[in-house]
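Structural description and commentary
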Amino acid sequence: MKKLSLLAMTALLGACQSMHPAAKASLDGEVFYLQRIALPPNATLSVSLQDISLADAPAKVIDEQRGPVKGQVPLAFHLSYDPLKIEPDHRYSVSARIEVDGQLMFITTENHAVRLDGTDPQPVKVRVDPAR
């Protein structure tokens, strides 16, 4: 009897999960720069989606993509988020940086705001500027 109850509960839980899968949305984009130079093969790209609502607190990272650069600009990225956790009165932004051997080479210097309400143009274009 215990086995039958356990099987029934497992089947019920599985049915509930399939009816309400975890909602995920994504933001696809490209990082670019205006300088006419090639990136070295050991360059790394970091792109993050952040909640920047609180002016007196660090930005809250929602998702981040980090890894070796593949090819040259524009550099594609893919960020995921849960739309149920997006607050309509919050501000969100995408930032990026390119490093070579741990040294910053390019970084975003402007706010690249996103709404995360399904109206953002895709791919999102994120410009990075030379680090000074």
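The name an unreviewed UniProt entry assigns to the protein chain is Putative lipoprotein, from the organism Pseudomonas reinekei.

1. Some thoughts on the overall build of the protein chain
Check the secondary structure of the protein chain and you find one helix and nine strands. Start at the N end of the protein chain and walk to the C end: the helices and strands fall as α-β-β-β-β-β-β-β-β-β. Within the protein chain, the fraction of its 132 residues that count as buried is 29%. Considering only contacts in the protein chain between residues 6 or more positions apart, those separated by 24 or more positions represent 65%. Approximately 9100 Å² of the protein chain is accessible, and the part contributed by carbon and sulfur atoms is 58%.

2. With respect to the confidence of the model for the protein chain
Summing up the model confidence of the protein chain, the mean pLDDT is 88 and the portion of residues at 70 or higher is 83%. Confidence drops under pLDDT 50 across residues 15–19; counting only partners more than four residues distant or on other chains, this segment forms zero contacts.

3. Points about the nonpolar core
Counting 25 residues, the largest nonpolar core has Val31, Val94 and Ile98 as its most contacted members. Where this core is concerned, the elements lending two or more residues are strand 1 (25–32), strand 2 (43–51), strand 4 (75–81), strand 5 (92–100) and strand 8 (124–127). Sort the elements by how many residues they give to this core and strand 5 lands first, with five residues. Leaving out residues up to four positions away in the same chain, Val31 has contacts with Leu45, Val47, Val73, Pro74, Leu75, Phe77, Ala96, Ile98, Val126 and Val128.

4. Details of the side chain of Gln50
Assignment of secondary structure puts Gln50 in strand 2. Under the relative-accessibility criterion, Gln50 is labelled buried at 17%. In this structure the side chain of Gln50 is engaged in a polar contact, spanning 3.4 Å, whose partner is the side chain of Ser95. Excluding residues within four positions of it along the chain, Gln50 makes contact with Ala59, Lys60, Val61, Ile62, Arg91, Tyr92, Ser93 and Ser95.

5. Describing unusual backbone geometry
Following Val73, the chain continues to Pro74 via a peptide bond in cis, the omega torsion being 0°. Take Pro74: it is sitting in the loop between strand 3 (60–68) and strand 4. Residue Pro123 is bonded to the preceding Gln122 through a cis peptide linkage, with omega at 10°. On the secondary structure map, Pro123 appears in the loop between strand 7 (113–114) and strand 8.

Calculation rules
Residues numbered from 1 in each chain as written. Predicted model: local features only at pLDDT ≥ 70, side-chain atom pairs only at ≥ 80, totals over all residues. Heavy atoms only, no water. Helix = DSSP H or I, 4+ residues; strand = E, 2+ residues; numbered from the N terminus. Buried < 20%, exposed > 50% of the residue type's maximum accessible area, 1.4 Å probe, protein only. Contact = heavy atoms within 4.5 Å. Areas by Shrake-Rupley, 256 points an atom, 1.4 Å probe, with all protein chains shown as cover. pLDDT = per-residue confidence, 0-100. Core = buried A, V, L, I, M, F, W, Y, C linked by side-chain atoms within 4.5 Å. Polar contact = N/O pair within 3.5 Å; in protein donor to acceptor, adjacent residues only side chain to side chain.

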